[in-house]
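# Chains, contacts and geometry: an overview
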Amino acid sequence: MFLLLKKRNIIIGLIVVALTVSLCLAVTATVTSAYSVPKTGITVVIDAGHGGADGGVVGVTTSVKESDVNLSIARSLKHFLKTKGYDVVMTRTTTDGLYGMTTKNRKLKDMQERKKIIENANADLVVSIHCNSYPRADQTGAQVFYAPGSVDGKQKAEVMQSVLKDTLGTTRSAMSGDYFILQCSAVPSLLVECGFLTTPSEEKLLVSSEYQEKIAYSIFTGIHTMLSSDNPSIT
Ligand SMILES: [Zn+2]
């Protein structure tokens with residue numbers, strides 16, 4: 001009798017465990033499907049300009065480093081793209097440059113490293129994030145650059161510029177620019193100058209996390225607009 005009871009208890013115990021496990025699996029499956037995003041199969045490289053010893057432009061009133069503003073915007077852009085199901089490759093994720101322990105030719109090593117990352121990413125689009133400078137403090141507005149002679153780059157830059165005009169009010173036009181990062185691969189590449197750190201009113205905006213997010217969302221909207229029109233399967 002005692003043995004029988006013990007056996008029955010073991011069987012009941014096993015049933016309870018089995019039920020609990022299957023319930024947990026069901027809950028996990030529900031949670032996973034609720035938070036998973038549809039994969040687009042499209043890869044975007046985000047390049048946060050400068051980093052490490054190369055801080056880029058220095059903010060005229062706050063002395064903020066362009067490299068730090070670029071990184072904040074790049075991180076936020078990554079978040080928006082990932083949420084929509086894009087694959088994202090970042091050229092840098094920290095404040096460090098990409099020149100390693102080298103003390104000589106850091107800029108060259110840094111740019112070679114970015115080129116390598118872009119070549120290996122097998123991406124559909126490269127977007128490099130920067131902030132602008134000008135000797136006079138009267139220039140404002142985000143502006144998009146593309147590689148000279150790139151028909152696809154020009155078309156995509158114009159889409160991006162038009163979204164930035166609608167969302168940020170910039171009146172600038174997309175232009176070709178002789179930047180190394182735009183010519184690292186055959187992949188359509190854009191460089192977005194998010195605004196002027198040498199104009200105090202725009203610098204004030206660019207250092208705020210709200211505005212950094214706003215710009216990142218505008219750039220995300222531009223990317224999604226151009227890539228979803230190329231790939232009707234994305235919504
Ligand atoms: Zn820059």
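Further up the page is the structure itself.
Residues numbered from 1 in each chain as written. Predicted model: local features only at pLDDT ≥ 70, side-chain atom pairs only at ≥ 80, totals over all residues. Heavy atoms only, no water.

### Looking at the packing of aromatic side chains
Applying the stated criterion to the full structure yields four aromatic pairs. Measuring from ring centre to ring centre gives 4.9 Å for Phe80 and Tyr217, while their planes differ by 85°; the resulting arrangement is edge-to-face. Remark: Tyr217 occurs in helix α6 (residues 209–230) and Phe80 occurs in helix α2 (residues 66–83); sequence separation between them is 137 residues. For Phe80, a relative accessible area of 16% translates into the label buried. Residue class for Tyr217 comes out partly exposed when judged on its relative accessible area of 44%. (Phe/Tyr/Trp six-rings, centres within 6.5 Å; stacked < 30°, edge-to-face > 60°. Helix = DSSP H or I, 4+ residues; strand = E, 2+ residues; numbered from the N terminus. Buried < 20%, exposed > 50% of the residue type's maximum accessible area, 1.4 Å probe, protein only.)

### Quick word on the coordination of the zinc ion
The protein atoms that coordinate the zinc ion are His50 (NE2), Glu66 (OE) and His130 (ND1), at distances spanning 2.1 to 2.2 Å. On the primary sequence, the residues serving as donors to the zinc ion are separated as H-x15-E-x63-H. Of this pair, His50 sits in the loop between β1 (43–48) and α2 while Glu66 sits in helix α2; the two residues are 16 residues apart in sequence, bridging distant segments of the chain. Under the relative-accessibility criterion, His50 is labelled buried at 14%. Given a relative accessible area of 1%, Glu66 falls into the buried group. (Donors = N, O, S within 2.8 Å, 3.2 Å for Na, K, Ca; no water.)

### Quick word on the nonpolar core
Counting residues in hydrophobic clusters, the biggest one holds 42 residues, and the most contacted among them are Ile46, Leu77, Leu81, Ile129, Cys194, Ile219 and Ile223. Residue assignment for this core shows that the elements contributing at least two residues are β1, α2, β2 (87–90), β3 (125–132), β4 (143–146), α4 (151–168), β6 (189–196) and α6. With eight residues, α6 is the single largest residue contributor to this core. Excluding its chain neighbours within four sequence positions, the residues that come into contact with Ile223 are Val44, Leu77, Leu81, Leu125, Val127 and Met160. Core analysis: the next-biggest nonpolar cluster, separate from the first, contains 13 residues, Met111, Ile118, Ala121 and Ala123 among them. (Core = buried A, V, L, I, M, F, W, Y, C linked by side-chain atoms within 4.5 Å. Contact = heavy atoms within 4.5 Å.)

### Thoughts on the packing of α4 against α6
Two numbers describe how α4 lies on α6: the axes approach to 9 Å, and their chain directions differ by 140°. Looking at the two axes, α4 sits oblique to α6. Where α4 crosses over α6, the two elements pack in a sense that is right-handed. Taken together, the residues of α6 that come into contact with α4 (itself represented by Lys156, Val159, Met160, Val163, Leu164, Thr167 and Leu168) are Tyr211, Lys214, Ile215, Ser218, Ile219, Thr221, Gly222, Ile223, Thr225, Met226, Leu227 and Asp230. Its residues assigned to classes, the contact of α4 with α6 comprises 11 nonpolar, five polar and three charged. (Axes fitted to C-alpha atoms, helices over the stretch in contact; angles between N-to-C directions. Parallel < 35°, antiparallel > 145°, perpendicular 65-115°, else oblique. Left-handed = near helix turned anticlockwise from the far one by under 90°. Nonpolar A, V, L, I, M, F, W, Y, C, P; charged D, E, K, R; others polar.)

### Concerning the packing of α2 against α6
Relative to each other, α2 and α6 sit at 50°, their axes nearing to 8 Å. With respect to α6, the axis of α2 lies oblique. For α2 against α6, the interelement crossing comes out right-handed. Listed contacts from α6 to Val69, Ser72, Ile73, Ser76, Leu77, Phe80 and Leu81 of α2 are Gln212, Glu213, Ile215, Ala216, Tyr217, Ile219, Phe220 and Ile223. For the contact of α2 with α6, the per-class residue count stands at 11 nonpolar, three polar and one charged.

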